[in-house]
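# Coordinate analysis (summary)
Each chain is listed here by its residues.
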Amino acid sequence: MKSAVSSLVSSKYPAISRSLLQHASKPISQRTFFIPTIPRNTQNLYNQRYQKLQIRPNSTSIMASSFKPEQARAPTAFPLPTPPITKFKIGLCQLSVTPDKERNIGHAQKAIEEAAQKGAQLVLLPEIWNSPYSNDSFPVYAEDIDAGHDASPSTAMLSEVSSRLKITIVGGSIPERCGDKLYNTCCVFGTDGKLKARHRKIHLFDIDIPGKIAFMESKTLTAGETPTIVDTDVGRIGIGICYDIRFQELAMIYAARGAHLLCYPGAFNMTTGPLHWELLQRARAMDSQLYVATCSPARDAAASYVAWGHSTLVGPFGEVLATTEHDEEIIIAEIDYSIIEQRRASLPFAKQRRGDLYQLVDIQRLNSH
């Protein structure tokens, strides 16, 4: 290899060859390192060959424009709206759940009141907090939310407490009866006590991991058909329930609709919880560069379905801001929406998407045009 290179250099540039060979024969300590002058004809050849590849000042923006990042979302994504409040405290109420529905409702009320007393302006409850989590229990504990009052004591309590304490409540989820159908439903109440949104779990929890866990929500429940995003006194919130968190498309739709925060009441189990619960929360937050809050029931090892726990708040960089273990706990943490813009400026995904190669379509928004 050395002789081949030496021959090539000596045949082209004899003066350079002699100098390099003499230089190489000396010990390293005695060598003087230099860059030989490139002959004029070689410089001209270099300039002719690579002049077209020189980067010009506007090449980055021209390249981004050719990638059509705005077309990666259909319809075009909304800009992040200015929230009514920048900083506030959220309360995550990880509650124990028993077969006693009246006790569960009273217990949840006390937890909400305690969270508000500690400064929470937004309170999140767990998935299925008024009922045991089982297909046998769902029909028995289901409530008619539209009828309200005595037909839905769980939502009646949430309405009263949110109005009295002037807080926003993302009311976990409860079994809902609507006609002859049952749903796993999350209700959001505003500071005036009015129902602002209702999310019916879109992706039903139908899994079978041999030797570990099998559960089929579809045996009793019907899947929801609508993504749910709601403007509240603490910002624009996208809602999902438990298994919904596994589907990044839903989170990306919420981000494209201008969500500041995603709330997922959920009850992961002892098989998937250790592996996926925190991972999915951090992934959804990082994918969309916004906040993600989750709330689980506390663990009851004697229950037919054992929840993993570990309610958590994740920031827009995928960082865990607050979490807990599996026992009952009320987590109070601060959300600062100004961090969202900082993270998006550091990692400008929205300007780097390849709308010329792929597209996320929001069917509901597209059909409403």
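- Looking at an unreviewed UniProt entry, one finds the protein chain named Omega-amidase, chloroplastic-like isoform X1, with Durio zibethinus as its source organism.

## Section: the overall build of the protein chain
- When helices and strands are tallied, the protein chain shows twelve helices and 17 strands.
- When burial is assessed residue by residue, the protein chain has 44% of its 369 residues classed as buried.
- Partitioning the intrachain contacts of the protein chain with sequence separation of at least 6 by distance along the chain shows that 70% fall at a separation of at least 24.

## Digging into the packing of aromatic side chains
- Tallying each qualifying case throughout the model produces eleven aromatic pairs.
- Among the aromatic residues, those joined into a ring-pair cluster are Tyr 133, Phe 138, Phe 205, Phe 215, Tyr 243, Phe 247 and Tyr 305.
- One Lys or Arg, Arg 343, reaches over the ring of Phe 317 and ends 4.2 Å from the middle of that ring.
- The side chain of Arg 365 reaches across the aromatic face of Phe 78, ending 4.0 Å from its centre.

## Thoughts on the environment of Leu 122
- Its location among the elements puts Leu 122 in strand E3 (residues 120-124).
- Residue classification places Leu 122 among the buried residues on the basis of a relative accessible area of 0%.
- Distance from Leu 122 to Asp 233, taken between C-alpha atoms, is 8.9 Å for residues 111 residues apart in sequence.
- For Leu 122, the contacting residues outside a window of four places in its chain are Phe 88, Lys 89, Ile 90, Gly 91, Thr 168, Val 170, Val 234, Ile 237 and Leu 261.

## Notes on the pairing of strand E7 (residues 195-200)
- Here five bridges tie strand E6 (residues 181-189) to E7, and the two strands are oriented antiparallel to one another. Bridge pairing links Cys 186 to His 199 in E7.

## Some remarks on the nonpolar core
- One finds Ile 90, Val 170, Ile 237 and Leu 261 to be the most contacted residues of the largest nonpolar core, which totals 45 residues.
- Every residue in contact with Ile 237, bar those within four places of it in the chain, is listed here: Leu 122, Val 170, Thr 228, Ile 229, Val 230, Thr 232, Leu 261 and Cys 263.
- Judged by nonpolar contacts, the second largest core, of 22 residues, contains Ile 105, Leu 158, Val 161 and Ile 330.

## Details of helix H9 (residues 272-288)
- With 17 residues, H9 extends 23 Å from end C-alpha to end C-alpha; this agrees with the ideal 24 Å at 1.5 Å per step.
- The complete set of buried residues in H9 reads Thr 272, Gly 273, Trp 277, Leu 280, Gln 281, Arg 284, Ala 285 and Ser 288.
- Taken together, the buried residues of H9 touch strand E8 (206-209), helix H8 (248-256), strand E12 (261-265), strand E13 (291-295), strand E14 (312-314) and helix H10 (338-346).
- Within two residues after H9, Gln 289 carries a phi angle of roughly 55°, on the positive side.

## Side note on the sheet that holds E13
- Taken in spatial order, the six strands make up an open sheet running E10-E11-E12-E13-E14-E15, and their pairing is mixed. Whereas interior strands pair on both sides, the edge strands pair on one side only; in this sheet they are strand E10 (228-232) and strand E15 (320-323). Geometrically, the sheet is characterised by an average inter-axis angle of 20° between neighbouring strands, direction not taken into account.
- As defined by bridge partners, E14 adjoins E15 across three bridges and the pair is classed as antiparallel. Residue Thr 312 lies in a different strand from E15, and its bridge partner there is Thr 323.

Calculation rules
Residues numbered from 1 in each chain as written. Predicted model: local features only at pLDDT ≥ 70, side-chain atom pairs only at ≥ 80, totals over all residues. Heavy atoms only, no water. Helix = DSSP H or I, 4+ residues; strand = E, 2+ residues; numbered from the N terminus. Buried < 20%, exposed > 50% of the residue type's maximum accessible area, 1.4 Å probe, protein only. Contact = heavy atoms within 4.5 Å. Phe/Tyr/Trp six-rings, centres within 6.5 Å; stacked < 30°, edge-to-face > 60°. Lys NZ or Arg CZ within 6 Å of the ring centre and 35° of its normal. Pairing = 2+ DSSP bridges. Core = buried A, V, L, I, M, F, W, Y, C linked by side-chain atoms within 4.5 Å. Expected span 1.5 Å × (residues − 1). Axes fitted to C-alpha atoms, helices over the stretch in contact; angles between N-to-C directions.

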